[in-house]
Amino acid sequence: MATLEDKILGEKLEYYCSSSEGESDNEDADSKDAPKGGKSGSDLKFTPESQIMEQSHWSGSTTNTGPKGVIKDWQRFKQLETEKRETQEREKLNLIKKLSITARTTAEDEKAKEQEQLDEELAELMSDDFLMQYQKKRMAEMLALAGKLPTFGTLVDIQNGDDFLKSVDEEQKTVTVIIHIYDRFDTACKNMNKSLGELALEYKNVKFCKFMSSMAGLSSFFKSNGVPALLVYKGGQMIGNFVRVTDDLSDEFDSSDVEGFLIEAGMLPDKSCVPAIVTGVAGIAN
């Protein structure tokens, strides 16, 4: 059982040596048992616990050398080793690419030269000067072409099949021919003839015609269900075929509605996209 002295000194009994009781007896016994030239028990000094604690205290830092610390250090070592290996591989590849000699056949060399030439020509085509010259050239071509186009300005009345063929086949290939197949008793057909007559004055280089369905030899079913119909030709070939056009127009349509329909279908040029200098000379719009 710990005594008051033990609690004060903070030591266990087996580590405490009293300096009062039995000191002389112990000295005698030790002097007898000690070998010659050796140290006796009285010569041994016990270091207080406070000095032991002060000497064993470590104020620095140390690495954990337990199992977890060893594993962590090993993993870090392998990571650094892998990164170093990857860096070396990249350096080798860069060096190989730098020192490698490209070996191409003669055909490949010629193809590469052609591609370089095409790239240079394309760069020249994209320059502002070239685009301006091209625009002026195309403008001159359009003006020259417009000067050669025939002018009409009226709604041509086709009387029979021969006139129909002449209106289509004997016209210039650059002229657009729009033929209205109509019934003279149909209100919508009358309105269409009026609208086309107004458009003929506005688009003088376009040939507008009207052809009665009975003269064309069409069936009664077509007369009642297919009119008004618009047939569009250019260069002798049909480029547009619109049956019962009123389905795409309002009930009381006018020339502007018909014009918008034909422009949307690509049968008439859009005046808003044509330069004023061209429209003025070509007679597309007066």
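Here the structure is a predicted model, which means the values were calculated and not measured.

Per the stated rule, a full pass over the model turns up three salt bridges. Between E81 and K78 there is a salt bridge whose closest N-O contact spans 3.0 Å. Taken together, the positions of E81 and K78, both in helix 4 (residues 67-99) and three residues apart, correspond to about one turn of that helix. Since its relative accessible area comes to 30%, E81 is described here as partly exposed. As a salt-bridge pair, D247 and R244 come within 3.4 Å of each other at their nearest N and O atoms. Accessibility expressed as a relative area gives 32% for R244, which makes it partly exposed.

Here the protein averages 75 in pLDDT, and 65% of its residues register 70 or above. Below a pLDDT of 50 lies the segment residues 37-42, which in the model reaches six contacts outside its immediate sequence neighbourhood of four places, other chains included. Under a pLDDT of 50 for its full length, residues 52-61 has, in the predicted model, one contact with residues more than four places off or in other chains.

It is worth spelling out the nonpolar core at this point. Grouped together as the largest cluster of nonpolar side chains are 18 residues, with contacts concentrated most on I178, M192, F208, V258 and L262. Secondary-structure elements contributing two or more residues to this core are helix 8 (187-202), strand 4 (229-234) and helix 10 (255-264). At four residues, helix 8 tops the list of elements feeding residues into this core. If sequence neighbours within four positions are ignored, V258 has contacts with M192, S195, L196, L199, L249 and F253. If you look at the next biggest cluster of nonpolar residues, it comprises 13 residues, including L149, F164, I181 and Y233.

Right, let's talk about the pairing of strand 2 (residues 176-182) for a bit. Counting buried residues along strand 2, seven of its seven residues qualify, which places the element largely inside the surrounding structure. Side chains T176, I178, H180 and Y182 project from strand 2 onto one buried face, and the interleaved V177, I179 and I181 project onto a second face that is buried too. The sheet contact formed by strand 2 and strand 4 spans six bridges and is antiparallel. Looking at strand 4, one finds that I181 is bridged to A229. Bridge count for strand 2 against strand 3 (residues 207-212) is six bridges, and the pairing is parallel. Within strand 3, the position partnered with I179 by the bridge is C209.

In this section: the sheet that holds strand 2. Strand order in the open sheet formed by five strands is 1-3-2-4-5, and the pairing between neighbours is mixed. Looking at which strands have only one partner, the edges of the open sheet turn out to be strand 1 (155-158) and strand 5 (237-242). Put simply, the sheet's adjacent strands are angled 25° from each other on average, direction ignored. In the packing of helix 8 onto the sheet, contacts are made with strand 1, strand 2, strand 3 and strand 4, and the angle to strand 2 comes to roughly 160°.

Another aspect to go through is the packing of helix 8 against helix 10. Each pair of packed helices can be described by the angle between their axes along with the distance between the axes. Two numbers describe how helix 8 lies on helix 10: the axes approach to 8 Å, and their chain directions differ by 70°. Classified by the interaxial angle, the pair formed by helix 8 and helix 10 is roughly perpendicular. Facing M192, S195, L196, E198, L199 and E202 of helix 8, the residues of helix 10 in contact are S255, V258, E259 and L262. Class assignment of the residues belonging to the contact of helix 8 with helix 10 gives a composition of five nonpolar, two polar and three charged.

Reading guide: rules and limits
- Residues numbered from 1 in each chain as written.
- Predicted model: local features only at pLDDT ≥ 70, side-chain atom pairs only at ≥ 80, totals over all residues.
- Heavy atoms only, no water.
- Salt bridge = Lys/Arg side-chain N within 4 Å of Asp/Glu carboxyl O.
- Helix = DSSP H or I, 4+ residues; strand = E, 2+ residues; numbered from the N terminus.
- Buried < 20%, exposed > 50% of the residue type's maximum accessible area, 1.4 Å probe, protein only.
- pLDDT = per-residue confidence, 0-100.
- Contact = heavy atoms within 4.5 Å.
- Core = buried A, V, L, I, M, F, W, Y, C linked by side-chain atoms within 4.5 Å.
- Pairing = 2+ DSSP bridges.
- Axes fitted to C-alpha atoms, helices over the stretch in contact; angles between N-to-C directions.
- Parallel < 35°, antiparallel > 145°, perpendicular 65-115°, else oblique.
- Nonpolar A, V, L, I, M, F, W, Y, C, P; charged D, E, K, R; others polar.

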